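Listed here are the chains, written in short residue letters.
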Amino acid sequence: MFQQFQRLLIALFFVFASLWLSFYYQHQLPEEIPTHFNARGEPDRWQSRTTALVSFPAFQGMMAFLYLLSSWLIKNPKYQRFKFKTPLSESQKKEIIANAEQIIDILMISSLMIFLDLQWESFRIALGRTKKLSLFLWIILAGMILSSLFYIVKLIKISRPSSTGFKEAENNLTEGKTSGTKN
């Protein structure tokens with residue numbers, strides 16, 4: 001879906017956006033800022049302004065780091081330790097890795113969006129511009145859940161042995177056993 005440099009730019013965008021929000025609103029915000037919300041989107045926990053101004057960008061930075069790390073790990077063959085119940089062809093394995101990469105992109109970018117929105121909404125609530133979280137957060141959460149379900153079904157379909165894929169995987173296993181006996 002994205003190349004590593006594009007992922008870096010996306011991650012940096014969210015970190016710098018969070019830093020900018022904290023910098024821009026630092027003198028406008030009251031002493032306490034909502035940082036946790038109940039299921040109705042109403043604030044139920046508050047923190048000091050200083051703590052919130054630092055913790056929001058720090059959390060975005062950690063999320064960006066996890067995004068970059070997970071996307072790097074999935075691309076690095078040295079760390080691909082997938083174990084399947086049935087043998088898979090090389091094309092099936094490549095397709096599974098490509099789909100895993102896509103779901104990481106979707107889930108991590110959605111998470112970065114959610115936490116930036118939470119920061120923005122927290123500041124708006126603290127300034128008295130609104131009383132609860134907007135609908136945007138719930139739309140992103142629904143999108144994350146639906147895309148996760150879509151990719152789970154897709155990965156299950158890919159990992160089912162097809163007649164050609166099963167033959168290819170069986171041949172790979174046979175060749176591996178044969179080459180192992182020659183050494």
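The rules we used
Residues numbered from 1 in each chain as written. Predicted model: local features only at pLDDT ≥ 70, side-chain atom pairs only at ≥ 80, totals over all residues. Heavy atoms only, no water. Helix = DSSP H or I, 4+ residues; strand = E, 2+ residues; numbered from the N terminus. Buried < 20%, exposed > 50% of the residue type's maximum accessible area, 1.4 Å probe, protein only. Contact = heavy atoms within 4.5 Å. Expected span 1.5 Å × (residues − 1). Patch = residues over 30% accessible without salt bridge, like charges linked within 9 Å, V, L, I, M, F, W, Y side chains within 5 Å. Areas by Shrake-Rupley, 256 points an atom, 1.4 Å probe, with all protein chains shown as cover. Salt bridge = Lys/Arg side-chain N within 4 Å of Asp/Glu carboxyl O. Phe/Tyr/Trp six-rings, centres within 6.5 Å; stacked < 30°, edge-to-face > 60°. Pairing = 2+ DSSP bridges. Core = buried A, V, L, I, M, F, W, Y, C linked by side-chain atoms within 4.5 Å. pLDDT = per-residue confidence, 0-100. Axes fitted to C-alpha atoms, helices over the stretch in contact; angles between N-to-C directions. Parallel < 35°, antiparallel > 145°, perpendicular 65-115°, else oblique. Nonpolar A, V, L, I, M, F, W, Y, C, P; charged D, E, K, R; others polar.

## Side note on the overall build of the protein chain
Next up, step 1: Each helix and strand in the protein chain was counted, giving five helices and two strands.
Next up, step 2: Starting at the N terminus, the α and β elements of the protein chain follow one another as α-β-β-α-α-α-α.
Next up, step 3: In the protein chain, buried positions account for 33% of the 183 residues.
Next up, step 4: Long-range pairs, those at least 24 residues apart, make up 73% of the contacts in the protein chain between residues at least 6 apart in sequence.

## What about helix α2 (residues 49-75)?
Next up, step 1: If you check α2, its first and last C-alpha atoms are 40 Å apart, about what 27 residues at 1.5 Å a residue would give, namely 39 Å.
Next up, step 2: By the burial criterion, the buried members of α2 are A52, L53, F56, P57, Q60, M63, A64, Y67, S71 and I74.
Next up, step 3: In this structure, the buried residues of α2 make contact with α1 (4-25), β1 (32-37), β2 (43-48) and α3 (90-126).

## Details of a nonpolar patch on the surface
Next up, step 1: Taken together, F5, L8, L9, L12, F16 and L19 make up a surface patch of nonpolar side chains, about 570 Å² in accessible area.
Next up, step 2: Residue L8 is classed as partly exposed on the basis of its relative accessible area of 33%.

## As for the packing of aromatic side chains
Next up, step 1: If you walk through the whole model with that rule in mind, you get eight aromatic pairs.
Next up, step 2: Ring centres of Y24 and Y25 lie 4.9 Å apart, and the angle between their planes is 85°; on these two criteria the pair is classed as edge-to-face.
Next up, step 3: When its relative accessible area of 44% is taken as the criterion, Y24 is described as partly exposed.
Next up, step 4: By relative accessible area, which is 6% here, Y25 ends up buried.

## Some points on the pairing of β2
Next up, step 1: Sheet topology note: the β1/β2 ladder contains five bridges and is antiparallel. Bridged to P34 within β2 is W46.

## Here's the deal with the pattern of salt bridges
Pairing between side chains of opposite charge can happen when the charged atoms of each approach one another.
Next up, step 1: The tally for this structure, following the rule as stated, stands at six salt bridges.
Next up, step 2: The partner of R49 in a salt bridge is E31, with the nearest N and O atoms 2.9 Å apart. Remark: E31 occurs in the loop between α1 and β1 and R49 occurs in helix α2; sequence separation between them is 18 residues.
Next up, step 3: Between R40 and E42 there is a salt bridge whose closest N-O contact spans 3.2 Å.
Next up, step 4: Each of R7, E101 and D105 takes part in salt bridges that share partners, so that together they form one network.

## As for the nonpolar core
Next up, step 1: Counting 25 residues, the largest nonpolar core has F14, L29, I33, Y67 and F123 as the members making the most contacts within it.
Next up, step 2: Of all the secondary structure elements, the ones that give two or more residues to this core are α1, α2 and α3.
Next up, step 3: Broken down by element, the residue count for this core peaks at nine residues, all from α3.
Next up, step 4: Once you skip the residues sitting within four places of it in the chain, F14 turns out to touch Q60, I109, L112, M113 and L116.
Next up, step 5: I114, L118, I140 and M144 belong to the second-largest nonpolar core, a separate cluster that totals eight residues.

## As for the confidence of the model for the protein chain
Next up, step 1: The pLDDT averaged across the protein chain works out to 85; a share of 84% of its residues lies at or above 70.
Next up, step 2: Mean pLDDT across the secondary structure elements of the protein chain bottoms out at helix α5 (residues 163-182), with 53, and peaks at β2, with 94.
Next up, step 3: Within the model, the stretch residues 178-183 combines pLDDT values under 50 with zero contacts to residues more than four positions away or in other chains.

## Quick notes on the packing of α3 against helix α4 (residues 135-159)
Next up, step 1: Interaxial distance between α3 and α4 falls to 10 Å at its minimum, and their mutual angle equals 170°. If you check the angle between α3 and α4, you find them roughly antiparallel.
Next up, step 2: Across the contact of α3 with α4, the residue classes tally to 15 nonpolar, eight polar and three charged.

## As for the packing of α1 against α3
Next up, step 1: One can describe the packing of α1 onto α3 by two numbers: an axis separation of 10 Å at closest approach and a directional angle of 5°. As far as their axial angle goes, α3 and α1 are roughly parallel. Packed against α1, whose contacting residues are R7, I10, A11, F14, A17, S18, L21, S22 and Y25, the element α3 presents E101, D105, I109, L112, M113, L116, Q119, W120 and F123 at the interface.
Next up, step 2: Its residues assigned to classes, the contact of α1 with α3 shows twelve nonpolar, three polar and three charged.

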